[in-house]
Amino acid sequence: MAYSFERPESFTGALLTPVQMAQADALAGDTARLMEAAGRAIARSIMRRCKKVPVLVLAGPGNNGGDGRVAARYLAWEGWPVRVRDFRTADPAEVARAGLVVDAIFGAGLSRDLDEHTISLLRAAKNLVAVDVPSGLDGASGQVRGFAPQAAFTVTFVRKKPGHLLFPGRALCGEVLLRDIGMPVSIIGRVGPDIWENSPSLFTLPPRDTGGHKYTSGEVTILSGTLPGAARLAAMAARRAGAGMVSLAAADASPLPEAGIILRHDPLDRLLEDPRRLHWVVGPGLGVAAAGVALARLLQTPGLAILADADALTACAGTPKKLRGVCVITPHEGEFTRLFGTIGPDKIAAARRAAALTGAVTVLKGPDTVIAAPEGTAVINANAPPWLATGGTGDVLSGLIAALLTRGMAPFPAACAGVWLHGAAAQEAGPGMLAEDLPSILGHITQG
Ligand SMILES: NC(=O)C1=CN([C@@H]2O[C@H](COP(=O)(O)OP(=O)(O)OC[C@H]3O[C@@H](n4cnc5c(N)ncnc54)[C@H](O)[C@@H]3O)[C@@H](O)[C@H]2O)[C@@H](O)CC1
Ligand SMILES: Nc1ncnc2c1ncn2[C@@H]1O[C@H](COP(=O)(O)OP(=O)(O)O)[C@@H](O)[C@H]1O
Ligand SMILES: [K+]
């Protein structure tokens, strides 16, 4: 069974771009009712989370402004001191005096950079709650158009937008509160979301085969080279994540690895004679020249599942088509840029282009890792704590994804599951963790 990508029927975790959100709005038709529900949700969130202070609602020209006006009405009913100002005539000095500013200037309809007057208003706010997104934030990409304020929290509706999860948007939103305003799930289905927030509801980990032996659980071979520690980290992760056999293939006489990792000094051609050796990790600590040669050789052998990382990616800098036939690539931003050119303002579009060009599931790593399938489905990961940004964690991720592949998962869900479990392990390890702390935690969170 191929453990495939699972789209929840409820579309939980689906992300809607501003264009898709507008389509949903048009299909639903009843904007007034949705706006009423949105405004009530904003007011409730404020009343629950904030002290009663004078509130100033900055209202824009579209539905975002409409949501803000409805929220003001509910706040006033509950006895809150609240004023509404049209953003065109509002005064920054008045904004600065407000105890709480509700930013309802622009949401999904943002179509150009903010002008100086709007920026001066938003800059003056000391304590701001954003409606849908902080005004100036592009909901599709998480990029800032001219300026966007820092929100204490953001209330959004129906489904989150990619810009809530992609940096710098994620940081500017503060906590994102997703509120149901009665948009039918069938309409979300008709819009056809193709970007998702990563979570375990998108994949199922294969159960361990109770009647199996080490080879039925799959074998992963990891090429080791100039920095053998990197390959060992990948190997430790692969073993803990349930690969039955893990071999390090080292051309030279590298020092003995940990007990339980098999060290092979055979030439690559010899290793390829074993038909069970289907899953390969190429790149971590291998050396760029060696990685280029090894990758080319592996790609001549049909039927292999190859994960290319680190030096194998650098070896293909400027010639990404050399990666065709690889199953998963895991570039960080530097490796990605060397391969495909600048990422630009839209990280999802960049990852999709790379996946389409190479045919490989592309894991564009970072604090907001994007995983893209060659046919275009994209997933944004948001569970990685900042302390995951430490040397060697990328090697662990490679070994982890390779183990999930060898356990029978298809490449896209294996990549999604690997990235999510990697973040979950780092959360469990806590601040100050090292890459080598992750494998033992993976041992207990990767069992099906
Ligand atoms: N889609 C839905 O299901 C719902 C959406 N709602 C709200 O509707 C919002 C989207 O509404 P709209 O499509 O009316 O869009 P907005 O309210 O974001 O604003 C669109 C208007 O602002 C103008 N504009 C855009 N960028 C500008 C700039 N930089 N400077 C000056 N003017 C600019 C546009 O020309 C347009 O007139 C959402 O963000 C959300 O707050 C809610 O009412 C509830 C339901
Ligand atoms: N600021 C951050 N917050 C959370 N995770 C991060 C951050 N920066 C990087 N990461 C994650 O840390 C890992 C680093 O991988 P990589 O750059 O390949 O490092 P290395 O080569 O040292 O193993 C990736 O999984 C990446 O998604
Ligand atoms: K807004």
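Provided above is the structure to which this section pertains.
So, here's what we can say about the structure. (Residues numbered from 1 in each chain as written. Chains lettered and ligands numbered in written order. Predicted model: local features only at pLDDT ≥ 70, side-chain atom pairs only at ≥ 80, totals over all residues. Heavy atoms only, no water.)

Between the first and last C-alpha of helix α2 (residues 31–49) there are 27 Å, a value that for 19 residues agrees with the 27 Å anticipated at 1.5 Å per step. For α2, every residue scored as buried is listed here: L34, M35, A37, A38, G39, A41, I42, A43, S45 and I46. Taken together, the buried residues of α2 touch α1 (18–28), α3 (63–77), β4 (100–104), β5 (128–131), β6 (153–157) and β7 (175–179). (Helix = DSSP H or I, 4+ residues; strand = E, 2+ residues; numbered from the N terminus. Expected span 1.5 Å × (residues − 1). Buried < 20%, exposed > 50% of the residue type's maximum accessible area, 1.4 Å probe, protein only. Contact = heavy atoms within 4.5 Å.)

This part takes up the site of ligand 1. What surrounds ligand 1 is a group of 21 residues, the closest being N63, D67, G107, R112 and D132. Within the side chain of D67, a nitrogen or oxygen atom sits 2.6 Å from an oxygen atom of ligand 1. Within the side chain of D132, an N or O atom sits 2.4 Å from an oxygen atom of ligand 1. Considered on its own, ligand 1 offers 880 Å² of accessible surface; in the complex 83% of this is hidden by protein. (Near = heavy atom within 4 Å. Polar contact = N/O pair within 3.5 Å; in protein donor to acceptor, adjacent residues only side chain to side chain. Areas by Shrake-Rupley, 256 points an atom, 1.4 Å probe, with all protein chains shown as cover.)

Throughout the structure, instances matching the rule amount to 16 salt bridges. Taking the shortest distance from any N to any O, the salt bridge between R73 and E36 comes out at 2.9 Å. Here R73, found in helix α3, pairs with E36, found in helix α2; they are 37 residues apart in sequence, far enough to count as distant. On the basis of relative accessible area, R73 is assigned to the partly exposed category, the value being 34%. A relative accessible area of 24% places E36 in the partly exposed class. Of the charged contacts, one joins D132 and K161 as a salt bridge, the two residues approaching to 3.3 Å between their closest N and O atoms. Residue D132 is located in the loop between β5 and β6, and its partner K161 is located in the loop between β6 and α6 (162–165); the two are separated by 29 residues in the primary sequence. (Salt bridge = Lys/Arg side-chain N within 4 Å of Asp/Glu carboxyl O.)

Before going further, it helps to examine the site of ligand 2. Lining the immediate environment of ligand 2, one finds 16 residues, of which K365, G366, P385, G392 and G394 sit closest. Within the side chain of T369, a nitrogen or oxygen atom sits 3.1 Å from an oxygen atom of ligand 2. Between ligand 2 and G392 there is a distance of 2.8 Å, counted from an oxygen atom to a backbone nitrogen or oxygen. In the complex, the protein chains occlude 76% of the 580 Å² of accessible area that ligand 2 would expose alone. For the shell around ligand 2, the element with the highest residue contribution is helix α15 (residues 393–406), accounting for 3 residues.

For the rest of this paragraph, the subject is the pairing of strand β9 (residues 219–224). Counting buried positions along β9 gives 6 out of 6 residues, so the element sits mostly inside the fold. Residues of β9 alternate between two faces, with E219, T221 and L223 on one and V220, I222 and S224 on the opposite face, all of them buried. Pairing analysis gives 6 bridges linking β9 to strand β10 (residues 245–250), with the strands arranged parallel. Counted as the bridge partner of L223 is A249 from β10. For the handedness criterion, the β-α-β arrangement of β9, helix α9 (residues 228–240) and β10 is classed as right-handed. (Pairing = 2+ DSSP bridges. Right-handed = clockwise from strand over helix to strand, strands pointing away.)

Coordination of the potassium ion (ligand 3) by the protein is provided by N64 (OD1), D103 (O), F106 (O), V131 (O), V133 (O) and S135 (OG), with metal-donor distances spanning 2.6 to 3.2 Å. Considering all 6 donor atoms around the potassium ion (ligand 3), angles at the metal cover 65 to 172° and the coordination shape is irregular. Ordering the donors of the potassium ion (ligand 3) by residue number gives the pattern N-x38-D-x2-F-x24-V-x1-V-x1-S. With N64 in helix α3 and V131 in strand β5, this residue pair connects regions lying 67 residues apart in the sequence. In terms of burial, N64 and V131 fall into one category: buried. (Donors = N, O, S within 2.8 Å, 3.2 Å for Na, K, Ca; no water. Tetrahedral: all angles 85-135°; square planar, octahedral: opposite > 155°, others 65-115°.)

To continue, consider helix α16 (residues 411–429). Between its first and last C-alpha atoms α16 spans 26 Å; for 19 residues at 1.5 Å apiece the expected length is 27 Å, and the two agree. With 14 of its 19 residues buried, α16 lies for the most part within the structure. Downstream of α16 by a residue or two, G430 has a phi angle that is positive, lying close to 85°.

So, on to unusual backbone geometry. Here the amide bond leading from F167 into P168 is cis, since omega sits at 5°, within 30 degrees of zero. Here P168 is to be found in the loop between α6 and α7 (169–173). The phi dihedral of V158 falls on the positive side, at around 70°, and the residue is not glycine. Inspection of the secondary structure puts V158 in the loop between β6 and α6.

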